[in-house]
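# Examining the three-dimensional arrangement
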Amino acid sequence: LLMQMLDEIRKKYDLSILMTTHDFSMLPRYCDRVVLLSGGRILKKGSPVEVLESDEFAQAFHMGGTV
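None of these values were measured; they are calculated from a predicted model.

## Focus: helix H1 (residues 2-13)
The periodicity of an α-helix, 3.6 residues per turn, causes residues three or four positions apart to be oriented the same way. For H1, spanning 12 residues, the distance from its first C-alpha to its last is 17 Å, which sits close to the expected 16 Å at 1.5 Å a residue. Along H1, the residues that are buried comprise Met3, Asp7 and Arg10. Along the long axis of H1, the arc covered by the buried residues comes to 60°, so they all point the same way. Along H1, the residues that are exposed and aim more than 90 degrees away from the buried face are Leu2, Glu8, Lys12 and Tyr13.

## A closer look at the packing of aromatic side chains
The final tally for this structure, using the stated rule, is 3 aromatic pairs. Pairing Phe24 with Phe61 gives two aromatic rings, centres 4.9 Å apart and planes at 70°, and the pair type is edge-to-face. Highlighted residues: Phe24 in the loop between H1 and helix H2 (27-30) and Phe61 in the segment after helix H4 (55-60), separated in sequence by 37 residues. For Phe61, a relative accessible area of 34% gives the class partly exposed. When the ring of Phe57 is compared with that of Phe61, the centres are 5.0 Å apart and the planes differ by 40°; the resulting orientation is tilted. Given the relative accessible area of 8%, Phe57 is considered buried. Joined through ring pairs, the aromatic side chains of Phe24, Phe57 and Phe61 make up one cluster.

## A few points about the side chain of Ser54
In this structure, Ser54 sits in the loop between helix H3 (48-52) and H4. Of note is the side chain of Ser54, whose polar atom sits 3.0 Å from the backbone nitrogen of Phe57.

## Quick notes on the pattern of salt bridges
Tallied over the full model, the rule gives 2 salt bridges. A salt bridge links Arg10 to Asp7, with the nearest nitrogen and oxygen atoms 2.8 Å apart. Of the two residues, Arg10 and Asp7 both sit in helix H1, 3 residues apart, roughly one turn of that helix. Among the residues examined, Asp7 registers a relative accessible area of 14% and is labelled buried. Asp7 is the salt-bridge partner of Lys11, the closest N and O atoms lying 3.3 Å from each other. With Lys11 and Asp7 both in helix H1 and 4 residues apart, this pair spans about one turn of that helix. Among the residues examined, Lys11 registers a relative accessible area of 55% and is labelled exposed. The structure contains a network of salt bridges with shared partners spanning Asp7, Arg10 and Lys11.

Definitions and limits used
- Residues numbered from 1 in each chain as written.
- Predicted model: local features only at pLDDT ≥ 70, side-chain atom pairs only at ≥ 80, totals over all residues.
- Heavy atoms only, no water.
- Helix = DSSP H or I, 4+ residues; strand = E, 2+ residues; numbered from the N terminus.
- Expected span 1.5 Å × (residues − 1).
- Buried < 20%, exposed > 50% of the residue type's maximum accessible area, 1.4 Å probe, protein only.
- Arc of directions from axis to C-beta.
- Phe/Tyr/Trp six-rings, centres within 6.5 Å; stacked < 30°, edge-to-face > 60°.
- Polar contact = N/O pair within 3.5 Å; in protein donor to acceptor, adjacent residues only side chain to side chain.
- Salt bridge = Lys/Arg side-chain N within 4 Å of Asp/Glu carboxyl O.

Shown next, in the form of structure tokens:
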């Protein structure tokens, strides 16, 4: 409910919202751009799909990957 309200406000007033989350399931629905950070450095940035399907994401969360 909170995310829906923020999304409506963002669209109505043409705003940008910066947030931090570990709930990856909401990224494709609410985010245009994602930055994957680990240890203070950027591992990957791009669309939610680009980041979630990347080797960097898999490696950061110990799911395999080739990086």
